[in-house]
Structures are given as C-alpha cells and as structure tokens.
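Tertiary structure, described
Now for the letters of each chain:
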Amino acid sequence: MEEVEMTTAIDTTQTVVAAPFAASSDHALPDTSVVLKLRNVDAFYGPRRVVRDISLDIARNAITAIIGPSGSGKSTLLRCIDRMHEVVPHARATGLIEYRGIDLYDRRIDPAAVRRSIGMVFQQPNPFPTMSIFDNVAAPARFNGLIQGRNGASDLVEQCLKRAALWDEVKDKLRQSGTSLSGGQQQRLCIARALAMAPDVLLMDEPCSALDPIATLQIEQLMVELKASYTILIVTHNMQQAARVSDRTAFLTMGEDGAGYLVEEGPTGRIFTQPRERLTEDYISGRFG
Amino acid sequence: MVAEYQTLLKPTSRSRRLQANLVVILATVATLIALVPLVAVASYVISQGAGVINLDFLTQDPPGDLSATGGGIRNAITGTLEMAGVATLIAAPIGILVAIFNTEVGGRIGAASRFIIDVLAALPSIVVGIFVYALVVVAQGHFSGFAGSLALAIIMLPVIVVSTEEMFRLLPRPISEGARALGFTRWRTYLSVFIPTALSGIFTGLLLAVSRAVGETAPLIFTSLGNNFFSTDMNEPMQALPLLIYRNALNSAFPAARDRAMGAALTLVAIVLAFNLLGRWLVSRRRLARNPGR
Amino acid sequence: MVRRRLRDGDLPFRVLALVVTAATLAVISLMMFDSVQTAWPIFQQFGIIGFVTGQEWSPAFTVYGAWPFLYGTLVTSAIALAIAVPISILIALLVTEILPPRLSQPVAIVVDLLAAVPSVVWGLWGLLVLLPIIRPFEHDVASGLGRVIPFLGGPTPGPSYFAAGLIVAMMIIPIVAAVTREVFAATPRLQREAVQALGGTRWDVVQRVVLPLGRTGIVAAVLLGLGRAIGETIAVTMVVGNNPLVGGSIFSPGYTLASVIANEFNEATETLHPEALIALGVVLLALAIAVNGAGLMVRRRFERSAGRGR
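Residues numbered from 1 in each chain as written. Chains lettered and ligands numbered in written order. Predicted model: local features only at pLDDT ≥ 70, side-chain atom pairs only at ≥ 80, totals over all residues.

Topic: the overall build of chain B
Check the secondary structure of chain B and you find 12 helices and 0 strands. Helices (α) and strands (β) of chain B occur, in sequence order from the N terminus, as α-α-α-α-α-α-α-α-α-α-α-α. Taking 19 Å as the expected radius of gyration for a compact globule of 294 residues, we find that chain B reaches 25 Å, considerably beyond that expectation. (Helix = DSSP H or I, 4+ residues; strand = E, 2+ residues; numbered from the N terminus. Rg over C-alpha atoms; globule rule 2.2 N^0.38 Å.)

Laid out in structure tokens, this is it:
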C-alpha cells in the first residue's frame, strides 16, 4: 500500500499548514484508505486527564502499532475506540472518533453496537471459564442472536478457529473447557472469538505480554496473516515487536501534566530509522521508557 | 448517518434491548418494594409516637397497670442504657483481646477460635437468653439486670471481634513493619501502635454492636425480665425499652398501652438510629481521611 | 501493665489474650452444655427423635413434642426466603450493575437501614398495621386459589405463617442484599469486559458472567438469611398467631421454635414445662448451627474461588 508523501519541512517546529493536527505525522493517507479517524481525543478518569488531544488516522488493512512508555495512555486510547473506556466508573472521553464516517460517540449510538464491529483482544487471555472451546467461539454470535441455521454455529466456529490458526490444534477437542489450553492457544482462542462477530477492526491491547516467546511469535505471524482481511491496531510496549509487525507506528508519551499525547506517527520503517522528533529518537534508542 | 449506523454497526435487536430494559425495570421495582416497609414503619412510628413523647413521658415511670394512662418510660430508658453500658464494658475488652488472638494465632487453634466466633454470631438471640438463664439466673435464683447485660454482651461479642479483626487486617503494612523494625515485641505493638491507630475503627464497631444490642428483646425476656419500677440495681430485674414495648404491644387493645408502646418505639428507634448513624459517619470520615479528594 | 517497663512485654500479654479467649470459649461451651443438661430429662422421656417429631404439645398433660414449632419455623423461613431472595438479588443487581456510582451508594445505605429497625418495632408495626392490611389479601387468595390448593386455603383469621414470613422477609432483605452485593462486586473485571467487548448488553453481562460466577456466593447469602430467619423471635411472635398445632395452610395461625419459647417461658409452671422449652431451644440451636455451618462452608468456598483469603 503506497501513501503519498507530502513534502514537509525537516524542521520539526514548523507545522505544515494543511495539517489538521499538531504532531508530526505523515497525514497523507487518502481518505478511502482510512478506517478510523481520531481527532482531538481526550480521555479522563474523573477529573484527571490521561490522554490529551490525540489526532490520528488508522489505515485500512494495515497493522498500526501504538508504542510508548508506561503511563502514556496507549491502552486508554485503544479502549476509547471501542467505547470500553467508559465502562470504568467516572471515566469518559471527548473528541471525535469516526469509524467509516460514523461518529462513534454520537448520542444515538449504542456502545454495545460499536463493540460488535470493533473487536478487542485483551492483554490477559480471558476465555469464558465455564464454556467449552466451541462455545467460547460461538458465544458472541449466540448472545447477539446471530446464529443462522442448524449448522450455523459449527460453520462459524470452524471458520474462526481456522482464521486464528488454532483449528488444527483443537479440532478434536472442541468440547473441552476453554481454559484447558496453553496461554498462546487461549489468546488465539480469544482472537477467534473476536473474529466471530465479523468485525473489520481488531484492537489488540498488548496481546503478547502474558505469553512466552514462541507463542508471541505465533500471534505475530497470525496478525500479519489477518491484516489482509482486517484492520489491526495494536498497543505494545515491545518496540521490536512493533518494528517487526506493523506498517505504521504511533508514538505516545506522558506529558508534564500526566496525560499522554501523540509525539509522532508515520510508516514504521521511517519512525524507527529517521524519527522526526527528538523524543521519539530517545525512546527508540532506549534512552528512556 | 443513521442509516449507515444501522448497516455498519450491528445495533442491538429489539428483543434483546427489551430484555435488558426489563431487568432494569424489575430491579428498580424490587428495590422500591423493599423500601416501602421501611418508609411505612418509619412514618408509622413517627406519626403515632411523636404525640406521645414529652418531658413527662421521658422522666416518669410507667403505671403498675398497663391499661392506665399517664406515666412514662423512664425506667426503660435508664435500664436500656445501663445494661447496654455494662454489656459494652464486658464485651469490648474481651472482644478486642479475642480479635488480637484470632489475628495472631494461625493454624488449627486460630481457625477453631474464628469458627466458634462465627457460630456465636449466628446464634439466635433467644438461645443466648436461654444460655444465660441456665447458667446465671438459675444459679443466682433470680432475674437480674446483670444477667441481661451478660446476654447482651454475648450478642455484642462476635460483632466486636469481627470488626476489630477487620480493622487489624486493614492496617497498612508500613506501620506494622515500622514497629517491628523499632524492636517492639509483637504483642507490645498492639498496645502501643495497632490499637491506637485502629481505635476509631474499633470504636465504630463498638457503636454498631451497641446499636444492635439496644434493640434486642428476646435475650432479655428471661434474664432481666423487666421491672415496673425504677431501679438501677444490677442485681434486681431491670426494665428495658424493647421489653416495655413488647409487653405494651401485647396489650395494645388498651389505648393507653398502645400509646405507650408507640412512644417507646419512637424513643428506641431514635437511640438505635443515633448509634447507627454515628458509626456510619465515623466510617465515612475515616475513609475520607485516608483518600483525600479521590 | 502499661506502667511497668517489662523487658519482654510479650509473655504476659500473650498469656492474657490466650486466657481470655479460652475462658470466653469455655464459658460459651459451658452454657451450651448446661442448657442441654437442663433439657435432658425431656430427651430422656420422649427420645430425641420422638421429641423432635412429636406433634402434641400439652403442658397440662406433660406431653411435649417439638414438631409443630419446627414445622412453623421451617414454613415461615421458607416463605421469608421465597419473598426476600429474589428481591435481594434484584436489589444487588441494581446497585452493582445498573446504577451509576453516585446513586448506588445512597441506595445501598438506605436498604441497609432496614436492618437498623429493631425486631420489636417490626412486630409492633406488623401487629397494628400489616395484619389488618393483609387479612383481606389472605382471604381473597384462600377463597380463590385456596380452593384448589389446600396449602393456600382458609380459614384466614389474620395472624399466620404467611404474616410472619412476610415480616421476617423484610428483616432479612438487608443482609441477603448486602452479601449478594459484595458477591456481584467481586465479579472479575476481565470476565465482565470479555462480554462487553463482544458487544454484550448489560443483561448479557449479568446473565453470562455475574450470575454464573456468583452462584456460590448467592447460596452463601441465602443461607445467611435463613440463619437469621429461623432465629427471629419477637416480630414473629406478634404476628404468627401462637397456635401450637401444625397448620394446614400458610394462612393458618401457628408457632415457631423461637416464638413459643419467648411466649411461654415466663408462665411455664407445669411439670417439665421449662425443661421442654429449653429443649426446644436446643433444637433451635442445632438447626442454627447446621444452617450457619453450611453457610460458612459455602462462603469459604466462594472466597477461595474468587481468589481471596479470609
């Protein structure tokens, strides 16, 4: 996927006139390839601001990584997108988050509906403990009332498990408990479950941090396979992972006011080899975080 | 935009939305149903009892004959407060010591002790009355305010033990480790550090225990028995508000008895509420002090 | 002890705590033993099983049987639970799942206030206000459904198992609701968010996560309420009708273990009457220990599964 590179001044203090937002970014994604638009997003826990004024475009069928030190609001930002942030008491978000042209925070929109189109995989694998592997994957379709036909469930389960590269390993034990799998398998199960709702965006919040290196590699491989059909946004504190896997990278850090803000964003290759911001360079070379 | 929303965002089907709303409605209705009796009792007691209470009512003793008008509930008020006071004097130190024991001693013995306290907490109050009757009243040969206090103390004990144990468990680690590092022996630490720090919490537990004891009737029926005359002698049968209410309620066919019962009920509720709210207020103040501005 | 500066403040204090605790437990055990001993002649005369299942209670003829009262305790408790448990679960759901935090705190406190009303005041209100109100209701049900289901039949003089069950329900709602609230609040956030992230509605979260994971805890709460219900004395004795016979319907007047003891104790002049009442107390005690013991075991199991220690 090619993007048009707008020529910008190397001097980072100069903001490009046409840029709608202040952070350095290759904002030149053509509109048709943008699936999610974030503009001036703030997030709060009660009176405390944890995410400040973030504007970002997420490209379709690509993996975008959000990196940064802890406390920079990466996970919070992610959770704002599928409206999981507000689940915590006294938490709220402001600003514009547009998905395919729809303002996700519009009053008329039911948060549950948002979450059916934008899937999420958590840091800690969380298969339903009281359900079998089969039921875990079928669950979202079941309680959203979407199972069609007698074979609807088993077709869906097989399809999702195949997409999550788990089918071969579990096809003979579908009725066993979801928690009887290894960590990496459980996480792939959770991915399969998220895919069962046929989302087209998948949010992944540090999906590998609770897994061993081999399982991590499997998940990373899976992500690259999935991006052909889905848009993936992954939060990770592992820079190497971001460099390996993602097409675009956004770097967040905590400001003096304790809120996270966007420092720089662009194609992964460039961010890691020719970062525009000093902070980015410092983070990437390990000088902080 | 709404049309796009319908196709793109998989809105919740109507039946599921109805289900979700139904639960909200049911839960709200259930809560309101539960609150109706509270409001009803409160308003009844206040409306019926308020007119009865006046200075005479609070400072005179009841007439010998329940059906006679006039008189008051003085002996019941003093009896209640006196027995509750003695009960606290008995139960508080024992309760705190047992709580220390339970916190410190692990293994089988500690578990057994905690278990027995749990069982004690679950005893019906009338059974406690029987216990004290069998042991004290029979031995002494007569009913007494002391026996009543003892019964109340037994009822208060598990409440105090559990809430004090809770307080000790919630003590921040730095305090405990700090005392250790200064060379205090474990048990000395309790006296000089833990108890003073946990004092307000322990006090709250005491208040809640007292508010419970003050409202109890059953254990007093065959321990302190009740008394028509004014008496502060712990060795004599003693009157208490719940007992007075009970006896007058059973005779509520007589308007005088009925009024007396209502006035006494309002007085009792006021006392219980006072202790209860004071305890809760202390809890909230402690919580605020610990987390300012959160 | 505070004045003297002991080298090792440990030993005396330790001994004091140990002695006091042991003494307390010993005194309690002594009381229990004493009561059983006092009641022993009754058990000797009628046999333990015989006494517990004996249907006749006639002090004048020195015939004592606990069954009418045991029956009454069980029936009123069952009615109380049937009313209180669904309401308490719904209240707990409202407070933990539905209301925003600013509202849920005050609502929880107000429900807890139900527990502050002394038993005797409930009884007074029940006697003077509730009985007259529910009497027509009892009458209607008895003449309607009651024709078909004898358990719901008449006659309906007013004071009854049902009235007692109703009052007791009001008294145990705050306890059951409070414990259930804690159970629901302990639902692991991860499980809850799993359902939410998949587009589940509030009811989905409740149905698929909160209730299934809280099942054990709810049982513990119910047992706790039952333990309270069987011991309720004064409020019950004012509305239950005080009839030492096994009533055929929930609207019959009856008696419970606790209320008969309270009622008859001070007038117990017949042969073995006081002993018989104490024997009833022993039966009640056994019942209370059984119920609360079961409740404790369930509660420990729940706390262990929720990953917390006591």
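Observations regarding the overall build of chain A
When helices and strands are tallied, chain A shows 10 helices and 11 strands. Each of the 289 residues in chain A was classed as buried or not, and the buried ones make up 46%. At a minimum sequence separation of 6, the contacts of chain A that also span at least 24 residues come to 69%. (Buried ≥ 20, exposed ≤ 12 C-beta atoms within 10 Å, placed from the backbone. Contact = placed C-beta atoms within 7 Å.)

Side note on the interface of chain C and chain B
Facing 69 residues of chain C, the contacting portion of chain B comprises 63 residues. Residue composition of the side of chain C that touches chain B, by class: 50 nonpolar, 14 polar and 5 charged. (Nonpolar A, V, L, I, M, F, W, Y, C, P; charged D, E, K, R; others polar.)

A closer look at the pairing of strand 2 (residues 34–45) of chain A
All names here are of chain A. Of the pairings in the sheet, the one linking strand 2 to strand 3 (residues 48–59) comprises 8 bridges and is antiparallel in character. In the strand pairing of strand 3, Ala 43 is matched with Val 51. Between strand 2 and strand 3, which pair antiparallel one after the other, the connecting turn spans 2 residues, and Gly 46 there sits at a positive phi close to 65°. Pairing analysis gives 8 bridges linking strand 2 to strand 5 (residues 91–99), with the strands arranged antiparallel. Within the sheet, the bridge partner assigned to Leu 36 lies in strand 5 and is Tyr 99. (Pairing = 2+ DSSP bridges.)

Examining the packing of helix 4 (residues 74–104) of chain B against helix 5 (residues 107–122) of chain B
All names here are of chain B. One way to put it is that helix 4 packs onto helix 5 with a least axis distance of 8 Å and a crossing angle of 140°. What the angle tells us is that helix 4 and helix 5 run oblique. The crossing of helix 4 and helix 5 is left-handed. Residues Val 98, Phe 101 and Asn 102 of helix 4 form the contact with helix 5, whose own contacting residues are Gly 110, Ser 113, Arg 114 and Ile 117. For the contact of helix 4 with helix 5, a count of residues per class yields 3 nonpolar, 3 polar and 1 charged. (Axes fitted to C-alpha atoms, helices over the stretch in contact; angles between N-to-C directions. Parallel < 35°, antiparallel > 145°, perpendicular 65-115°, else oblique. Left-handed = near helix turned anticlockwise from the far one by under 90°.)

A short note on unusual backbone geometry
Residues and elements named next belong to chain A. Although it is not a glycine, Asn 40 adopts a positive phi angle of roughly 50°. By secondary structure assignment, the location of Asn 40 is in strand 2. With 13 C-beta atoms packed within 10 Å, Asn 40 lands in the partly exposed category. Backbone geometry at Arg 83 places phi at a positive 55°, although glycine is not the residue there.

Observations concerning the domain arrangement of chain B
Examined at the domain level, chain B breaks down into domain 1 (13–50) and domain 2 (55–290). The residue inventory of the side of domain 1 of chain B that touches domain 2 of chain B, partitioned by class, reads 3 nonpolar, 2 polar and no charged. (Domains from an automatic or database assignment.)

With respect to helix 11 (residues 241–250) of chain B
Within helix 11 of chain B, 8 of the 10 residues are buried, which leaves the element mostly enclosed by the surrounding structure. Within the sequence span of helix 11 of chain B, burial applies to Leu241(B), Pro242(B), Leu243(B), Leu244(B), Ile245(B), Tyr246(B), Asn248(B) and Ala249(B).

Brief notes about the nonpolar core
Met156(B), Ile245(B), Ala265(B), Val121(C), Ile167(C), Val176(C) and Leu280(C) are the most contacted members of the largest nonpolar core, which has 278 residues in total. Per element, the largest residue contribution to this core is 19 residues, and it comes from helix 7 (residues 161–185) of chain C. Split by domain, the residues of this core number at least three in each of domain 1 (13–50) and domain 2 (55–290) of chain B. For Leu280(C), the residues in contact, after removing those within four places along its chain, are Ala66(C), Phe69(C), Leu257(C), Val260(C) and Ile261(C). (Core = buried A, V, L, I, M, F, W, Y, C linked by C-beta atoms within 7 Å.)

A word on the pairing of strand 10 (residues 248–254) of chain A
Residue and element names in this part refer to chain A. The element strand 10 is extensively covered by neighbouring structure, given that 6 of its 7 residues are classed as buried. Where strand 4 (residues 63–67) lies against strand 10, 4 bridges are found, and the strand directions are parallel. Within the sheet, the bridge partner assigned to Ile 67 lies in strand 10 and is Phe 251. Pairing of strand 10 with strand 11 (residues 260–267), which is carried by 7 bridges, proceeds in the antiparallel orientation. By the bridge assignment, Arg 248 is partnered in strand 11 with Pro 267. From the end of strand 10 to the start of strand 11, which pair antiparallel, there are 5 residues, and Gly 258 there has a positive phi angle of about 85°.

Focus: helix 1 (residues 74–81) of chain A
Residues and elements named next belong to chain A. Counting buried positions along helix 1 gives 8 out of 8 residues, so the element sits mostly inside the fold. Every buried residue belonging to helix 1 is among Lys 74, Ser 75, Thr 76, Leu 77, Leu 78, Arg 79, Cys 80 and Ile 81, and all of these are buried. Backbone geometry just after helix 1 places Arg 83 at a positive phi near 55°.

Quick look at the environment of Glu275(C)
Here Glu275(C) shows up in helix 13 (residues 273–305). In this structure, the C-alpha to C-alpha distance between Glu275(C) and Gln37(C), residues 238 residues apart in sequence, is 9.5 Å.

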